[in-house]
Amino acid sequence: MSTNAADYWLRRHAASKADRMRHEHVWRNCCDLTFPELGEGFNGNTVEDASTVQNKKAEMLDSTGSDAARLLTSSVVGGMTPANSLWLGMDVGDESDEERRWLDHASERVWEAVHGGNFDAAGFEAQLVGVCVGWFVMYVDEDPADGSITFHLWPASQCYLAESKAGGRADIIMREFELTAEQAVAEYGNEVSDAVRKDAAEHPTRKHRFLWCIGPRSNYVPGSLNSQALPIASMHIECSQKRVIRERGYHEHPCVVPRWMRLPASVYATGPVANALPTIRELNELLRLHKISLARNAAGVYVGVDDGVFNPAGFRVTGGNVIVANSIDSLRELPTGTDFPVILETVRQMQAEIRRLLLADQMQPQDGPAM
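Notes on the structure in this doc start here. (Residues numbered from 1 in each chain as written. Predicted model: local features only at pLDDT ≥ 70, side-chain atom pairs only at ≥ 80, totals over all residues. Heavy atoms only, no water.)

1. Some remarks on the packing of helix α3 (residues 64–80) against helix α5 (residues 119–132)
(1) Moving on: Between α3 and α5, the least distance of the axes is 9 Å, while the angle of their chain directions is 125 degrees. One way to sum up the angle between α3 and α5 is to call them oblique. Crossing of α3 against α5: the hand is right-handed. Only G123, F124, Q127, L128 and V131 of α5 make contact with α3, whose side of the interface consists of A69, R70, L72, T73, S74, V76 and V77.
(2) Moving on: For the contact of α3 with α5, the residue count by class is 7 nonpolar, 4 polar and 1 charged. (Axes fitted to C-alpha atoms, helices over the stretch in contact; angles between N-to-C directions. Helix = DSSP H or I, 4+ residues; strand = E, 2+ residues; numbered from the N terminus. Parallel < 35°, antiparallel > 145°, perpendicular 65-115°, else oblique. Left-handed = near helix turned anticlockwise from the far one by under 90°. Contact = heavy atoms within 4.5 Å. Nonpolar A, V, L, I, M, F, W, Y, C, P; charged D, E, K, R; others polar.)

Right under this line is the structure:
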């Protein structure tokens, strides 16, 4: 297949990777202080394992940010696309009663098809990524086996965005991902290189990089049945060989790419967690100092004087020990000066500020008990 198209997309992907890198540390910090597993791949190509994610969670001394982000996500999903009530409607204007009944029936069938698949699970996770990172990419496809609608949330760290029109929707998506040699042969068949087919036979778990590019096709043919002439182009590229191994197309764009708050002069965005990030950091630092103060108050801080009999350098205060010294002034306890009520009040104020910034205090009824 064409190598010119592969070279073009690989160069564009490299440029997009360099452009996105200047934002990644913010997204990574937002995830590390709320849901560390969502930040995998940002600010580096390291692969997070369960132990690393758990260690990052242990470093979070307060869960207010995580709870508020989860509550905001639940409120957005429950308010926009609830699974227990019809949220989809169709209207063509000036329809008759019979046409109105048909449209209502069609709306209900579409709603059932959406929630009959995996939308509820993928939709919640997608909104959570949107709250923490500020954007996400969801690929909508049709199951060839039964024709049902399927929703795939692509990891944000694998996706690079661009706009075909300035200020428009993010309709150009480049997804870089890895497949084992066995998976690559199962997906692409004989279109992969000889090296991949050889690895599939000898080293089936060896991974190879691929690039999936989706975007508007400028030279599409209206009404064409040829998949390579449809309005939306789709190309799969084997990166090591710099060659297109699959080229197809779509009548409509298959990806949903919402953005919470657009960054100036950028195709990317940040989420509400970025607004609360300074307060979340400050709260964690305050709680870290609070833990140190608690340890000092529990064990005590002492000053000792070497009086010729008592040697403070080799002495540790423990329960029930006898201290031999010339004077009781040779060992004295120092006050820590910690004002715990002030610390706890400051912690409560910061927690309330985080909930306010993440709209968690607005999601519950203000009068009466919570729903």
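Here the narrative resumes, following the displayed structure.
2. Considerations on the sheet that holds strand β4 (residues 172–180)
(1) Moving on: Read across the sheet, 5 strands follow the order β3-β4-β5-β6-β7 without closing on themselves; strand pairing throughout is antiparallel. At either margin of the open sheet sits one strand with a lone partner, and together these are β3 (159–162) and β7 (243–250). For this sheet, the mean angle separating the axes of adjacent strands, direction not counted, is 20 degrees. (Pairing = 2+ DSSP bridges.)

3. Notes on the nonpolar core
Proteins that are soluble and globular tend to have nonpolar side chains buried together.
(1) Moving on: Membership of the largest hydrophobic core comes to 76 residues, with the highest contact counts inside it found for W135, V137, W154 and L161.
(2) Moving on: Those residues in contact with W154 that lie beyond four places of it in its chain are V137, Y139, C159, I173, R175, W212, I214 and C255. (Core = buried A, V, L, I, M, F, W, Y, C linked by side-chain atoms within 4.5 Å. Buried < 20%, exposed > 50% of the residue type's maximum accessible area, 1.4 Å probe, protein only.)

4. Some thoughts on the pairing of strand β6 (residues 232–238)
(1) Moving on: Where burial is concerned, most of β6 is hidden: 7 out of the 7 residues are buried.
(2) Moving on: Where strand β5 (residues 207–216) lies against β6, 7 bridges are found, and the strand directions are antiparallel. In the strand pairing of β6, W212 is matched with H236.
(3) Moving on: Where β6 and β7 come together, 7 bridges link them in antiparallel fashion. Bridge pairing in β7 links H236 to R246.

5. Brief notes about unusual backbone geometry
(1) Moving on: Its identity is not glycine, yet D94 carries a phi of approximately 55 degrees, on the positive side.
(2) Moving on: Structurally, D94 is set in the loop between α3 and α4 (97–116).
(3) Moving on: Phi is positive for A265, close to 55 degrees, though the residue is something other than glycine.
(4) Moving on: With respect to the secondary-structure elements, A265 resides in the loop between β9 (261–262) and β10 (269–270).

Function-wise, these values are silent; they only describe arrangement.
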